[in-house]
Amino acid sequence: KNEVEQSPQNLTAQEGEFITINCSYSVGISALHWLQQHPGGGIVSLFMLSSGKKKHGRLIATINIQEKHSSLHITASHPRDSAVYICAVRGGATNKLIFGTGTLLAVQP
Amino acid sequence: DTAVSQTPKYLVTQMGNDKSIKCEQNLGHDTMYWYKQDSKKFLKIMFSYNNKELIINETVPNRFSPKSPDKAHLNLHINSLELGDSAVYFCASSLGTANQPQHFGDGTRLSIL
């Protein structure tokens, strides 16, 4: 079992829908990252958080340290949001980044 | 003015060959990383350097040897390439080893024939 689990693995949504991607982890962490990987392959860091909530445009990330859970929300989704969203935690024995398996999001017009 | 640049973008080579992937960052960051993304899109840390010093060395075959001539560069040399080395390799950098966002290169897709 991975130390970082994401759900769902695949998600198809209609343009305009509110989207939630979940991440659960089993190790002690110092921070959690949300990354976006577009079909072209490049990876972009969306958020890094260790508590509470962060918002950037239509994206919102929350984390509950006690429950070892984070969510990434996308409001008013758009086809350009189609990408793989990856949760990663900094933690474990070596304090390295440990990645989830990603959530493939497809937003249809 | 690319922040983290990797070369080459694509690398196709025969089994048994030796190849290098170069990475440079112009962000003034102290820490650089190499990640491997397998065919299932799963990312895993390989190495991390801070100010030219190795700080993370995951269970990676000795055929993989990172080299950091200065803190702006972290190159990856791979000897005796095997079929299982086929993957996308990502370089990244961050300001330091503490909790900082990481900036990723565009990746190098390595295909072993």
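In this report, we go over the structure that sits alongside the text. These figures come from a predicted structure and were not determined experimentally.

What to know about the interface of chain A and chain B
On the side of chain B, 18 residues touch chain A, which itself brings 19 residues to the contact. For the pair chain A and chain B, the summed buried area comes to about 1,600 Å², and 58% of that belongs to carbon and sulfur atoms. For the interface between chain A and chain B, the tally reads one salt bridge. For Glu58(B), the salt bridge identified is with Lys96(A), shortest N-O distance 2.7 Å. Across the chain A-chain B interface, the total number found is three residue pairs in polar contact (both at pLDDT 80 or more). Looking at the side of chain A that touches chain B, the elements with two or more residues in it are strand S4 (29-37), strand S5 (43-49), strand S9 (83-91) and strand S10 (96-99) of chain A. For the side of chain A that touches chain B, the leading source of residues is S4(A), giving five residues. The residue makeup of the side of chain A that touches chain B, split by class, is seven nonpolar, ten polar and two charged.

Things to note about the packing of aromatic side chains
For the coordinates displayed, the defined rule picks out four aromatic pairs over all chains. On the basis of an interplanar angle of 90° and a centroid distance of 5.2 Å, the ring pair of Phe99(A) and Tyr35(B) is categorised as edge-to-face. Residue Phe99(A) is found in strand S10, and its partner Tyr35(B) is found in strand S4 (residues 31-37); the two belong to separate chains. For the pair shown, Phe99(A) and Tyr35(B) are each scored as buried. Note on Tyr33(B) and Tyr35(B): the rings are 5.9 Å apart at their centroids and 20° apart in plane angle, and the pair reads as stacked.

Analysis parameters
- Numbers given to residues run from 1 along each chain, matching the order in which its sequence is written.
- Starting at A for chains and at 1 for ligands, labels are handed out in the order in which the entities are written.
- Only residues with pLDDT of at least 70 are given local features in this predicted model, and only at 80 or more are side-chain atom pairs given and counted; all residues enter the totals for whole chains, interfaces and linings.
- With hydrogens and water excluded, all non-hydrogen atoms of the structure serve as input to the side-chain values.
- The criterion used for residue contact is that any of the two residues' heavy atoms lie within 4.5 Å.
- Defined in terms of a 1.4 Å probe, buried area is the accessible area two parts forfeit on being brought together, summed over both.
- The term salt bridge refers to a pairing of a side-chain nitrogen on Lys or Arg with a carboxyl oxygen on Asp or Glu at a separation within 4 Å.
- Polar contact is the term for a pair of N or O atoms within 3.5 Å; when the atoms are in protein, one must be able to donate a hydrogen and the other to accept it, and sequence-neighboring residues count only if both atoms are side-chain atoms.
- A helix here means a DSSP run of H or I that spans at least four residues, while a strand means a run of E at least two residues long, and both kinds are numbered starting from the N terminus.
- Classification used: nonpolar for Ala, Val, Leu, Ile, Met, Phe, Trp, Tyr, Cys and Pro, charged for Asp, Glu, Lys and Arg, polar for all others including Gly.
- Each pair of aromatic rings taken from Phe, Tyr and Trp, with Trp reduced to its six-membered ring, is defined by centres within 6.5 Å and is described as stacked if the planes are under 30 degrees apart, edge-to-face if over 60, and tilted in the remaining cases.
- To sort residues, take the accessible area from a 1.4 Å probe on protein chains only and compare it with the maximum for the residue type: under 20% means buried, over 50% means exposed, and anything in between is partly exposed.

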